[in-house]
Amino acid sequence: MRVADVVSVVLLAGAVAAFAAGLYVLGEQRDVLALYWLVVGALALRASTILLRPRGGSR
Amino acid sequence: MTEQAAPRTILSLPGFAFRGSRLFPGVYAWATTVASPAFARDASVLTRLAAVAALLGLFAGVYWLGRVPRLGRVLGIHGFIGLAMATWVSARHDGIQLAPEPLVAAFGALGWMIYAFGWGELRGPLTVPEDDPRVIPGAPLASRGALGRRATLAFSLGLVGALSFVVLAFRVARPTHAILAHAVALAAGLWVLGAATRVALERAPRPRGSNADRVAAASGTLSALLIVLGLGMLWLLIGN
């Protein structure tokens, strides 16, 4: 397993945690922080899939 | 699409099962969601006629399915659903609320779902699809191998994450924010599941470039992620 593969799994885990944090703080009525975590989750997930398949994924 | 041969008579177990699986869910959906507004006190004659015609369409569709399958499907699906929709439009025009009891409406929706499954085509019992004479011959496609630990880990992560989003969305009490939370939970759940599946299945040996190439390809998104995380740290420091 390459380092990039490990990083992609870590980023996937980070994205899941960030989305969960975003929804959790939305329930705590902290909207800006929720938005922040959702953006972090989206970026982490995007980075995870790009790392996995750098050439855009068309096969 | 191939149509399963329908038993011509209802006086046998297969015939009863074939027709019953199409008829009873439809009747249930009709009774809970069409009949209740159609036979309300203020309903017009047109609404009631449309409702009765919808039910007759369903019965006729189930009857004709064994004789002229195409006609049966037209009556039982298009006729029934079209007339049910006409009933709802007419009932709304009469000023009747379509779903005064949310629980009944929910069960009605379930009835519509089972009705849709009932009218679908399934593989017959004890039939092998490959025995069909229209099957294109060829070597069977063999599995590329069992999934590894990484695949299981990534998919479990995605599945648990997607489910946790749905649970967390129910914590949001403010009504408008709750809708947003459920929308976000659904979208993020689907996205995470898709990404997790891709991570799980990307293990076939193929040239994917070196680590440096792959990091370079993701550099834009990774930079944005680092900037956002940095801004978050700053916010944390300034906020405290």
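Our structure's up above, just so we're on the same page.
For clarity, every value in this text was computed on a predicted model and none was experimentally measured.

Novice: Could you give me a rundown of the overall build of chain A, with the residues and numbers involved?
Specialist: Across its full length, chain A carries two helices and zero strands. Expressed as a percentage of contacts within chain A between residues at least 6 apart in sequence, the contacts between residues at least 24 apart total 55%.

Novice: Account for the interface of chain A and chain B, with residues named and values stated.
Specialist: Contact residues are listed per partner, giving 33 residues for chain A and 37 residues for chain B. Sort the elements by how many residues they give to the side of chain A that touches chain B and helix α2 (residues 31-52) of chain A lands first, with 15 residues. Residues of the side of chain A that touches chain B, tallied by class, amount to 25 nonpolar, five polar and three charged.

Novice: Please provide a residue-by-residue account of the nonpolar core, values included.
Specialist: For soluble globular proteins, nonpolar side chains are generally found buried alongside one another. Judged by nonpolar contacts, the single largest core of 45 residues is most densely connected at Leu12, Phe19 and Leu23 of chain A. For this core, the secondary structure elements donating two or more residues are α1 (3-27) and α2 of chain A together with α5 (149-169), α6 (175-201) and α8 (219-239) of chain B. Here Leu23 of chain A is in contact with Phe165, Leu168, Ala169, Ala181, Val184 and Ala185 of chain B, once residues within four sequence places are set aside. Within the second largest apolar cluster, 19 residues are counted, among which are Ala38, Ala54, Val62 and Tyr115 of chain B.

Novice: Run through helix α4 (residues 102-118) of chain B, naming residues and quoting values.
Specialist: Residues and elements named next belong to chain B. With 17 residues, α4 extends 24 Å from end C-alpha to end C-alpha; this agrees with the ideal 24 Å at 1.5 Å per step. Buried residues of α4: Gly108, Gly111 and Tyr115, and no others. Buried residues of α4 fall within an arc of 55 degrees about the axis and therefore sit on the same side. Relative to its buried face, α4 has exposed residues pointing more than 90 degrees away, namely Pro102, Leu103, Ala106, Met113 and Phe117.

Novice: Can you lay out the packing of α2 of chain A against α6 of chain B for me, pointing to particular residues and giving the numbers?
Specialist: The geometry of α2 of chain A relative to α6 of chain B is characterised by a closest axis approach of 10 Å and an angle of 20 degrees between their N-to-C directions. Taken together, the axes of α2 of chain A and α6 of chain B are roughly parallel relative to one another. In this structure, α2 of chain A crosses over α6 of chain B, and the sense of that crossing is left-handed. On the side of α2 of chain A, the interface is formed by Leu38, Gly41, Leu45, Ser48, Thr49 and Leu52 of chain A, while α6 of chain B contributes Val184, Ala188, Trp191, Val192, Ala195, Arg198 and Val199 of chain B. Of the residues contributing to the contact of α2 of chain A with α6 of chain B, the split by class is nine nonpolar, three polar and one charged.

Procedures and definitions
- Residues numbered from 1 in each chain as written.
- Chains lettered and ligands numbered in written order.
- Predicted model: local features only at pLDDT ≥ 70, side-chain atom pairs only at ≥ 80, totals over all residues.
- Helix = DSSP H or I, 4+ residues; strand = E, 2+ residues; numbered from the N terminus.
- Contact = placed C-beta atoms within 7 Å.
- Nonpolar A, V, L, I, M, F, W, Y, C, P; charged D, E, K, R; others polar.
- Core = buried A, V, L, I, M, F, W, Y, C linked by C-beta atoms within 7 Å.
- Buried ≥ 20, exposed ≤ 12 C-beta atoms within 10 Å, placed from the backbone.
- Expected span 1.5 Å × (residues − 1).
- Arc of directions from axis to C-beta.
- Axes fitted to C-alpha atoms, helices over the stretch in contact; angles between N-to-C directions.
- Parallel < 35°, antiparallel > 145°, perpendicular 65-115°, else oblique.
- Left-handed = near helix turned anticlockwise from the far one by under 90°.

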